[in-house]
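Fold and contact review
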Amino acid sequence: MIKKSLFLLLFIQLLGSPLLHAQHVAINNNVLFDVVGALSAGVEVPFSSKMSLEVYGSIRPWKRREQRVGKHWLMQAQYRLWPCQVMNGFFYGPYIHAGEFNIGGKDLLARMLLKQPKQYRYEGWLIGAGMGVGYEYALAKHLNLGVEVGVGYTYIKYKQFNCEVCGAPKDDSRKHYVGLSRLALSLIYVF
């Protein structure tokens, strides 16, 4: 709960920052999270003509079906450097991320990150950092399309349960993951 409160406080502080100028603020939605049934939104604020900060969050608080659990929340913050112009063209920069999850069945996190069988349920948290690169393309005056990929390190602490939706904890585990940790296909509205 403390982690969620700190992220919410950071988000509110960012929105009320004196550095904000209405014509330079962007809000975005990662379409890839929409595909898996999660809600997602982000805010990006430039600090100069070559630097910006993006704070992004995703949440999926419900089960898709009774046989599978797929809940999560995730927050990411990224410092972006723009070689040409902020919010237009190529960018790169470091990011940090944190979140919690409760998944079971055929979920991507269990197969890709934890490399564990799908018949179990996994509940835990993660924290990490990495480096991302991406590109934003202006579709219209206020609408951009963005793509990004990031590689980094993620520490994952989780409990493994014997079945997909029930059961007592079977094992406490930790995982040090290095690899793809940020992937986005975003629709961006620039004010």
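Numbering of residues begins from 1 in every chain and follows the order in which that chain's sequence is written. Residues qualify for local features only when their pLDDT is at least 70, as the model is predicted, and side-chain atom pairs are given and counted only at 80 or more; totals for whole chains, interfaces and linings, by contrast, use all residues. Heavy atoms from the whole structure form the basis of all side-chain values; hydrogens and water molecules are not counted.

1. Examining the overall build of the protein chain
The numbering of helices and of strands both runs from the N terminus, where a helix is a DSSP run of H or I of at least 4 residues and a strand a run of E of at least 2. In terms of helices and strands, the protein chain carries three helices and eight strands. From first element to last, N terminus to C terminus, the protein chain shows the α and β order α-β-α-β-β-β-β-α-β-β-β. Relative accessibility under 20% of the residue-type maximum defines a buried residue, over 50% an exposed one, and the middle range a partly exposed one, all with a 1.4 Å probe and only protein chains included. Burial statistics for the protein chain: of 191 residues in total, 43% are counted as buried. Two residues form a contact once any of their heavy atoms are found within 4.5 Å. Pairs at least 24 residues apart make up 62% of the contacts formed inside the protein chain by residues separated by at least 6 positions. Values of accessible area rely on a 1.4 Å probe in the Shrake-Rupley scheme; residue burial ignores everything except the protein chains shown. About 10,400 Å² of surface is accessible on the protein chain, with carbon and sulfur atoms providing 68% of the total.

2. Quick word on the packing of aromatic side chains
In summary, the pairing rule links any two rings of Phe, Tyr or Trp, Trp by its six-membered ring, whose centres are within 6.5 Å, and it sorts them by plane angle into stacked for under 30 degrees, edge-to-face for over 60 and tilted for everything else. Under the definition given, this model contains six aromatic pairs. Taking 5.9 Å as the distance between ring centres and 35° as the angle between the ring planes, the aromatic pair formed by F90 and Y92 counts as tilted. Positioned above the aromatic ring of F161, the side-chain terminus of R121 is 3.9 Å from the ring centre. Either the NZ atom of lysine or the CZ atom of arginine qualifies as a charge over a ring when it sits within 6 Å of the ring centre and within 35 degrees of the ring normal. Lying across the ring of Y95, R182 places its NZ or CZ 5.5 Å from the centre.

3. Some remarks on the environment of C163
Relative to the elements of secondary structure, C163 occurs in the loop between β7 (143-161) and β8 (169-190). Sequence separation between C163 and R121 is 42 residues; the distance between their C-alpha atoms is 5.9 Å. Non-local contacts of C163, meaning those with residues more than four positions away in its chain, are made with Q119, Y120 and R121.

4. Quick notes on the nonpolar core
For our purposes a nonpolar core is just a set of buried Ala, Val, Leu, Ile, Met, Phe, Trp, Tyr and Cys residues, chained together by side-chain atoms within 4.5 Å. Within the largest apolar cluster, 12 residues are counted, these being F33, A38, Y56, L74, F101, I103, Y120, Y122, L126, I156, Y158 and Y177. Among the elements of the structure, β5 (89-104), β6 (121-138) and β7 are those that each provide at least two residues to this core. A26, V86, M87 and V190 belong to the second largest nonpolar core, which has seven residues in total.

5. A short note on the pairing of β6
Any two strands with at least two DSSP-identified bridges between them are counted as paired. As paired elements, β5 and β6 share 16 bridges and run antiparallel to each other. Looking at β6, one finds that F90 is bridged to Y135. Note: β6 against β7, 18 bridges, orientation antiparallel. Bridge pairing links Y122 to Q160 in β7. A loop of four residues connects β6 with β7, the two strands running antiparallel in sequence.

6. Description of the sheet that holds β6
Pairing in this closed barrel of eight strands is antiparallel, and the strands run β1-β2-β3-β4-β5-β6-β7-β8 around the ring. Across the sheet, the mean angle from the axis of one strand to that of its neighbour is 20°, orientation sign disregarded. Axis lines are fitted through C-alpha atoms, for helices just across the contact stretch, and the angle between N-to-C directions can take any value from 0 to 180 degrees.

7. Examining the confidence of the model for the protein chain
Confidence scores per residue from the predictor, reported as pLDDT, run from 0 to 100. Overall, the prediction assigns the protein chain a mean pLDDT of 82, with 75% of residues at 70 or greater. Model confidence for the protein chain, summarised as mean pLDDT per element, is weakest for helix α1 (residues 2-15) at 54 and strongest for strand β1 (residues 26-30) at 95. Counting interchain partners and residues more than four positions distant, the pLDDT-below-50 stretch residues 18-23 has nine contacts.

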